[in-house]
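Each chain is listed here by its residues.
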Amino acid sequence: MKEITLKLNYTEYDSIEEMSAEDQQLVKAALESQAGSYSPYSNFQVGAALRLANGVIVKGANQENAAYPSGLCAERTAMFWASANYPDVPFDTLAIAGADHGELCESPASPCGACRQVMAEYQKKYGRPLKTIWVGAKRIRKFEKVDDILPFIFDSLKV
Ligand code: THU
């Protein structure tokens, strides 16, 4: 028997100015994407902006429904739309920003487990790391690969 400790890495920024120009652009796109949120039930507006390997930025926002499970998170609206419209273009970086009643949350947006699993699928499909940027009013986090936010990723091809 042995006890094992996992290590994960991420970068934390105190302000957007510390980020690269292209990451700043993606963060701004995620903030803009919040305008597309349809969230009359939670009043929680999530914006997502996904940069593809060809430079295109695809926006997404959470969509809610009176039958709650029929809604969808911002991250998945962006990823599914991107995959449906650019099926052969790898995903590069996904930025996410959450707002409560229109006010950007202080702590960085943390994607739900289902969205992390979908990220893992596309990371595997394209064979390259999918980076995520979690935007908050007080700080921003950047993760270089899905493995760092979803340890022991489910992968049906592994035994
Ligand atoms: N939501 C997202 O859009 N992304 C996440 O990763 C977590 C939650 C949405 C779903 C729902 O519309 C609202 O936030 C409140 O849970």
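Here, every reference points to the structure presented above.
Each chain carries its own residue numbering, running from 1 in the direction its sequence is written. pLDDT decides what is reported in this predicted model: residues at 70 or higher carry local features, side-chain atom pairs at 80 or more are listed and counted, and totals for whole chains, interfaces and linings draw on all residues regardless. With hydrogens and water excluded, all non-hydrogen atoms of the structure serve as input to the side-chain values.

Engineer: Summarise the side chain of Ser 83; cite the residues concerned and give the values.
Structural biologist: What counts as a helix is a DSSP run of H or I of at least four residues, what counts as a strand is a run of E of at least two, and both are numbered from the N terminus. Looking at where Ser 83 falls in the secondary structure, it is placed in helix 2 (residues 74-85). By definition, residues are in contact when any of their heavy atoms lie within 4.5 Å. When sequence neighbours within four positions are dropped, the list of residues in contact with Ser 83 reads Phe 91, Tyr 122, Lys 125 and Tyr 126.

Engineer: Mind laying out the site of the ligand, listing which residues take part and the relevant values?
Structural biologist: All residues in the neighbourhood of the ligand are listed as Ser 42, Phe 44, Val 46, Asn 62, Glu 64, Cys 73, Ala 74, Glu 75, Pro 111 and Cys 112. Between the ligand and Ala 74 there is a distance of 2.9 Å, counted from an oxygen atom to a backbone nitrogen or oxygen. Any pair of nitrogen or oxygen atoms within 3.5 Å is treated as a polar contact; in protein, a donor-acceptor pairing is required on top of that, and neighbouring residues in sequence qualify only through side-chain atoms on both sides. With respect to the ligand, the side chain of Glu 75 contributes an N or O atom lying 2.7 Å from an oxygen atom. Considered on its own, the ligand offers 370 Å² of accessible surface; in the complex 73% of this is hidden by protein. For the shell around the ligand, the elements supplying multiple residues, two or more each, are strand 2 (44-52) and helix 2. Residues are counted as near a molecule or strand when any one of their heavy atoms sits within 4 Å of it. The method behind every accessible area is Shrake-Rupley, applied with a 1.4 Å probe, and residues are considered shielded solely by the protein chains displayed.

Engineer: I'd like a description of unusual backbone geometry, backed by residues and values.
Structural biologist: Located in the positive-phi region is His 101, a residue other than glycine, with phi close to 50 degrees. Unlike most non-glycine residues, Phe 152 shows phi in positive territory, near 55 degrees. For the exposure calls, accessible area comes from a 1.4 Å probe over protein chains only, and a residue counts as buried if that area is under 20% of its type's maximum, exposed if over 50%, partly exposed in between. Taking relative accessible area as the criterion, Phe 152 reaches 75% and is therefore assigned exposed.

Engineer: Please give an account of helix 2 that cites residues and values.
Structural biologist: Between its first and last C-alpha atoms helix 2 spans 17 Å; for 12 residues at 1.5 Å apiece the expected length is 16 Å, and the two agree. Three or more residues of helix 2 are buried, namely Ala 74, Glu 75, Arg 76, Thr 77, Ala 78, Met 79, Ala 82 and Ser 83. Where helix 2 is buried, its residues meet strand 2, strand 3 (57-61), strand 4 (91-100) and helix 3 (113-126). Residue count minus one, scaled by 1.5 Å, sets the expected span of a helix.

Engineer: Account for the pairing of strand 4, with residues named and values stated.
Structural biologist: With respect to burial, strand 4 is a largely interior element, 9 of its 10 residues being buried. A strand pair is defined by DSSP finding two or more bridges across the two strands. Bridge analysis of strand 2 against strand 4 gives 9 bridges, and the strand direction is antiparallel. The partner of Gln 45 across the bridge, within strand 4, is Ala 99. Note that strand 4 and strand 6 (residues 131-135) share 5 bridges and pair parallel. When the sheet's bridge partners are listed, Ala 97 is paired in strand 6 with Val 135. Here strand 4 runs beside strand 5 (residues 103-104); their pairing, made up of 2 bridges, is antiparallel. Looking across to strand 5, one finds that Asp 100 is bridged to Glu 103.

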